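For reference, the chains in residue letters:
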Amino acid sequence: MQSFQEIVFKLKQYWAERGCIIQEPYDIEVGAGTMVAETFLRVLGAKPYRVAYVQPSRRPADGRYGDNPNRLYKHQQLQVILKPAPADAIEQYLGSLEAIGIDLRQHDIKFEEDNWEAPTLGAWGIGWQVMLDGLEITQFTYFQQCGGIDLEVVPAELTYGLERLAAFLQVKDSVYDIVWTEGFSYGDVRYLDELQYSVYNFEMADIATLWKLFDLHEGEAARLLQAYDAKSPDKRRFPLLPAYDQVLKCSNLFNTLDSRGAISVTERVGVIQRVRKLAVGVAQAWVDQQQEQAAEVAP
Amino acid sequence: MSLPFLLEIGTEEIPDWMIPNALENLRLLFEKLEIPHESVTMDATPRRLVLRADGLAERQADREERVMGPAKSAPAQAVAGFARKQGLKPEDLSIAATPKGEYYSFLKRVEGRRTVDILAEALPSLILSIYFPKTMYWTAKGGPRFIRPIRWMVALLGEAIVPFEIAGVQAGALTSGHRRLGAREIAVTTADYERRLRDHYVILSSEERRNKIRSELAGLRVKPDAALLETLVYITEYPTAIAGSFDAQFLELPQEVLVTVMRHHQKYFSVEDERGNLAPHFVAVMNIDRDPEGFVRRGNERVLRARFNDARFFWETDQKKKLAERKQDLAHVTFQAKLGSYLDKAERMAALALDLGGDEHAVRAARLAKCDLTTELVKEFTELQGVVGGLYARAQGEPEAVWQAIYDHYKPESMDDAIPRHRTAQIVALADKIDTLRGCFRVGLIPTGSRDPFALRRAAQGVVKILVEGGIELPLRDLLEENQALIDFFADRVKFYFKDYRGFQYDEINAAMAAGWSNLVDLQSRLARIQSLRPTPDFEPLAASFKRIRNILEQAKFSGQGAPLDESLLEAGPEQELYQEYRRIAGQPIENVISRLRPKVDLFFDKVLVNAPDARVRQNRLTLLGTLLAEFSTMADFSEIVTNS
């Protein structure tokens, strides 16, 4: 039986062989691999890019104190970006499933319409949820817009739910029973995470503190964006990547406040707009900054 | 020579529900090319849209075109120049007579174009103009847009490839088989195309896929579900049904929940036992040919078990807090920013239910109807809102009228859906929808074009359907708060309901509504009367006369406020006769009197000059006509009827 980490190794190996940079997870908490700059900013502009990375993704509201066999506060996504999307993107994806030992002549694979959208990022795309024997294992998306900007070239984004895939391959009814590696189950590695973060997110996070933090990070991002000068000869030095970190912080704080029940539906729309405004601001400045660099390189 | 034509647009998986319309659209676009042909057949799978036609000519017929030259009076030099330019001698020209005079001209023979050239030129833009509700680009900004990326194209006219290109894809003679059971590239001809696909596990005909699924379902006691069957037909290229089971202990959960999980989330058919109860089995449809090792069955069973476990967990958790205790929680659930919380909405619904004549059950149901929005089960299965509330209310001992009203209060969800099952439930459903409509219109959330985020059209349509089909004689207009935009919006929904759903003519509807439409039950009965009157011989001529009367009154700016009719001013003959007839028939339904009234009206217009020189006589005649018009306008404004005369 393949262990959880062997599955991850094989998928990384597979995409490395297809020209992808294998990145390591980003070190700031995010809700999805898409939010990491490796995806969010790299898909902008015309420059080709291919990258794969595992990204632990935090969804505070999905926490279940480690009690629910299928629901997790934090799950592991394998995120693959192929920019531009090759004509055989789906074939390559199916090949990756075969690389981890799924014989697709003996399993039922279906592509069901599912257009992805992330309002806080001003991003959306057209695609499918990929169903394997009735189980959703991957989201496959052709990005159309990111940071409110129509993309120059269309990338394909593949997001694998690694726990689901591993539970499928190991025939486990609970993610906690997945064999991470010999002698260690997924539960051994992650159960305390799930329990303690559920307690924090649902019961103990201090709402006033979280709001204060949100305001601070928002303020810092806004301050930087304000300071970005598109006409400055030195703008290449300008810290847009750190500014984006502040946006990610806001996004995670928003999710935590939400799971804490501190955001009414009315407020929700407003807070999403605040985060979106920052994300769009960074994306626009980034496109501008990248264009300048391209011009400098040109003879 | 007569040639077959084959066009296959090979794509990545197209959303199933868009495929039939796209095919029909492709057929129409092809017909618009006006290339003579015999039959056309359309086929599709999720990965291909296919058009096949027979009997195309190799080239289109030659035709003659008259080319006009200089006028007959032009100097010989100009005539010779014209002839030379056309490669002719002056004596080859003839003289054509036109309305503008006589001109030199000649008949030019235009050779018919080769069909393959016409197709090669037309197909790229034709393909890209197939209508889809949402499109994407997949190469680069400004690139072609289609529903999903186009990956290959087959275009054959007889044995020849029709050469064209879209987004770097060249049309050719290579198709593609099933993603895993078939080959990636398969050479085809127009003759062996369908057979070659079958060899590679693609059943091209949707009818055949449908029949394959049907025959595999036969004998399994599957709950019929035509919509699900269509979905499965169009998400598979090689469908095969397999049966699976789940633990019978899950049958303790409400059927609605189990069926929703199976149908909406997993696309399974549910199965009944011999008494018609839900059985612990399901049928899934795979996109491969068989499952000899049981991998697919076991995989699906595990997924279903996990989902049912979730549902049971939610069901049990939710029961710990009764619906009635959840009411205060609604204060934290926003209905709409400007319209307050669902608690506010529930209170408004309760008050409205009372206004609408609801009893205490209706009021209680209105108060509790939205409480299920705070349950885990509804958060997970939003399509079960209302239903879940009803189920919890039943489990918690609410009276039948109350839980059923909660259960039904989103109905009807479409024009074909049933209205709530009894009056209490109908009142609650009306209160919910009318409150939403009033509130949204009050704060300016009015649907425009295709934008209707609060589904207000559906809500208003539901109100109309419940009032008419529930036989509820409530004064609708009084419920609309004199908001003109809302009144106009409802007028459109009433028209839509009676025209598109009930099949009345638009002028009949206009005529009947002009006489009032606040009571929709009454409106319906007047419409039915007009509809049965319409084919009678006197109806349209009388309608035409009413229109004439209306025009005369309008031109004379007749207000009806003047002096009452003065019998002494009536002229003997047609005018007197019309008046006497009016006296005899006043108060009777128009059906009984139409055949007697019509000749008198005709005769009046034939013989009497309304616009008499004596002002008093003229005014009196206008009064007579005004009285007559008013007499029958309580049923309909017949001048709205479109007549041929």
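## Section: the overall build of chain B
Move 1: Of the regular secondary structure elements, chain B holds 22 helices and 19 strands.
Move 2: Taken across its 645 residues, chain B has 52% of its residues classed as buried.
Move 3: Look at the contacts in chain B between residues 6 or more apart in sequence, and 66% of them connect residues 24 or more apart.
Move 4: Accessible area of chain B: about 29700 Å², with a carbon and sulfur share of 48%.
Move 5: Taken as two groups, the 88 positive and 92 negative side-chain charges of chain B have centres that lie 3 Å from each other.

## A few points about the interface of chain B and chain A
Move 1: Taken together, the contact pairs 46 residues of chain B with 44 residues of chain A.
Move 2: Both faces considered, chain B and chain A share a buried interface measuring about 3900 Å² in area, 49% of it formed by carbon and sulfur atoms.
Move 3: Taken together, chain B and chain A are joined by 9 salt bridges.
Move 4: Note that Glu91(A) is salt-bridged to Arg179(B), the shortest N-O span being 3.5 Å.
Move 5: For the pair chain B and chain A, the interface holds 23 residue pairs in polar contact (both at pLDDT 80 or more).

## Remarks on unusual backbone geometry
Move 1: Following Lys83(A), the chain continues into Pro84(A) via a peptide bond in cis, with omega recorded as 0°.
Move 2: Among the secondary structure elements, Pro84(A) is positioned in the loop between β3 (74-83) and α3 (89-99).
Move 3: Positive phi, normally seen in glycine, also occurs at Val171(A), with a value near 55°.
Move 4: By the element assignment, Val171(A) lies in the loop between α4 (162-170) and β10 (179-181).
Move 5: On the accessibility criterion, Val171(A) (56% relative accessible area) is exposed.
Move 6: The phi dihedral of Glu34(B) falls on the positive side, at around 60°, and the residue is not glycine.
Move 7: Along the chain, Glu34(B) turns up in the loop between α1 (19-32) and β2 (40-45).

## Structural notes on the packing of helix α9 (residues 342-355) of chain B against helix α10 (residues 360-368) of chain B
Residues and elements named next belong to chain B.
Move 1: Contact geometry of α9 with α10 gives a least axis separation of 8 Å together with a crossing angle of 160°. One element, α9, and the other, α10, form an angle in the roughly antiparallel class. Viewed along their axes, α9 and α10 form a crossing whose handedness is right-handed. Where α9 abuts α10, its residues Ala 346, Glu 347, Met 349, Ala 350, Ala 353 and Leu 354 lie against Ala 362, Val 363, Ala 366 and Arg 367.
Move 2: Looking at the contact of α9 with α10, its residues break down into 8 nonpolar, no polar and 2 charged.

## As for the pairing of strand β5 (residues 94-98) of chain B
Looking down a regular strand, the side chains alternate between one sheet face and the other.
Residue and element names in this part refer to chain B.
Move 1: By the bridge criterion, 5 bridges tie β5 to strand β6 (residues 101-110) in an arrangement that is antiparallel. Looking at β6, one finds that Ser 94 is bridged to Ser 105.
Move 2: Counting the residues that bridge the hairpin from β5 to β6 gives 2 residues.

Calculation criteria
- Residues numbered from 1 in each chain as written.
- Chains lettered and ligands numbered in written order.
- Predicted model: local features only at pLDDT ≥ 70, side-chain atom pairs only at ≥ 80, totals over all residues.
- Heavy atoms only, no water.
- Helix = DSSP H or I, 4+ residues; strand = E, 2+ residues; numbered from the N terminus.
- Buried < 20%, exposed > 50% of the residue type's maximum accessible area, 1.4 Å probe, protein only.
- Contact = heavy atoms within 4.5 Å.
- Areas by Shrake-Rupley, 256 points an atom, 1.4 Å probe, with all protein chains shown as cover.
- Lys, Arg positive; Asp, Glu negative; His and termini not counted.
- Charge placed at Lys NZ, Arg CZ, Asp CG, Glu CD.
- Buried area = accessible area lost by both parts, 1.4 Å probe.
- Salt bridge = Lys/Arg side-chain N within 4 Å of Asp/Glu carboxyl O.
- Polar contact = N/O pair within 3.5 Å; in protein donor to acceptor, adjacent residues only side chain to side chain.
- Axes fitted to C-alpha atoms, helices over the stretch in contact; angles between N-to-C directions.
- Parallel < 35°, antiparallel > 145°, perpendicular 65-115°, else oblique.
- Left-handed = near helix turned anticlockwise from the far one by under 90°.
- Nonpolar A, V, L, I, M, F, W, Y, C, P; charged D, E, K, R; others polar.
- Pairing = 2+ DSSP bridges.

On their own, these measurements won't tell you what the molecule is for.
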